[in-house]
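If you want the building blocks of each chain, they are given just below.
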Amino acid sequence: FLQLNWCSPFAEAESFTDSGTVMQIRVVPRLLPHPDVECFSDEHIMTVYVVRVGLTLWCLLLPLAVFIRIWRVGKDRACPEHA
């Protein structure tokens, strides 16, 4: 899930002189898998929500479900009928 939301700084030329040389460089965070999308823009915000929901499910609810399942089995976890 984190790879969907991996931002990396990219240097962009902001202004040019008449001879074509770069006068000012701006550093913009962009998505690493899709460098055309600027981080936390309107295009990117839905991906941020998907990543947050996925990480919440993976990091909180999945371990909680495993804990509750083990807790409900009780002290006799080696019994074959609990498999």
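Our structure is the block above this text.
Being a predicted model, the structure only gives us computed values, none of them experimental.

The rules we used
Residues numbered from 1 in each chain as written. Predicted model: local features only at pLDDT ≥ 70, side-chain atom pairs only at ≥ 80, totals over all residues. Heavy atoms only, no water. Helix = DSSP H or I, 4+ residues; strand = E, 2+ residues; numbered from the N terminus. Buried < 20%, exposed > 50% of the residue type's maximum accessible area, 1.4 Å probe, protein only. Contact = heavy atoms within 4.5 Å. Patch = residues over 30% accessible without salt bridge, like charges linked within 9 Å, V, L, I, M, F, W, Y side chains within 5 Å. Areas by Shrake-Rupley, 256 points an atom, 1.4 Å probe, with all protein chains shown as cover. Salt bridge = Lys/Arg side-chain N within 4 Å of Asp/Glu carboxyl O. Disulfide = S-S within 2.5 Å. Expected span 1.5 Å × (residues − 1). Bend = angle between axes of the 7 residues up to and from the residue.

A few points about the side chain of H44
Along the chain, H44 falls in helix α1 (residues 42-73). With relative accessibility at 0%, the residue H44 sits in the buried group. In contact with H44, other than residues within four places in its own chain, are N5, C7, L31, V37, E38 and C39.

Brief notes about a nonpolar patch on the surface
A contiguous nonpolar patch, built from V53, L57, L60, L61, L64, F67, I68 and W71 and spanning about 840 Å² of accessible area, is present on the exposed surface. Position of V53 relative to the elements: it lies in helix α1.

Here's the deal with the state of the cysteines
Summed over the entire model, instances satisfying the criterion amount to one disulfide. Disulfide pairing places C7 opposite C39 at an S-S distance of 2.0 Å. Looking down the S-S bond of the C7 and C39 bridge, the torsion is -120 degrees, so its handedness is left-handed. Placement of C7 in strand β1 (residues 7-16) and of C39 in the loop between β2 (22-31) and α1 is noted, with a sequence separation of 32 residues between them. For C7, a relative accessible area of 28% puts it in the partly exposed group.

Concerning unusual backbone geometry
A positive phi is found at F40, a non-glycine position, where the angle reads about 60 degrees. Relative to the elements of secondary structure, F40 occurs in the loop between β2 and α1.

Examining the environment of Q24
Along the chain, the position of Q24 falls in strand β2. Here the alpha-carbon distance between Q24 and E12, two residues twelve residues apart in the chain, equals 8.7 Å.

A short note on α1
Residues spaced three or four apart along an α-helix face the same direction, because each turn holds 3.6 residues. Under the 1.5 Å per step criterion, the end-to-end length of α1 is 47 Å for 32 residues, consistent within 8% with the ideal 46 Å. L57 marks where α1 bends most, by close to 30 degrees. Buried within α1 are the following residues: H44, V48, V51, G54 and V73.

Note that all results are geometric; they support no functional claim without further evidence.
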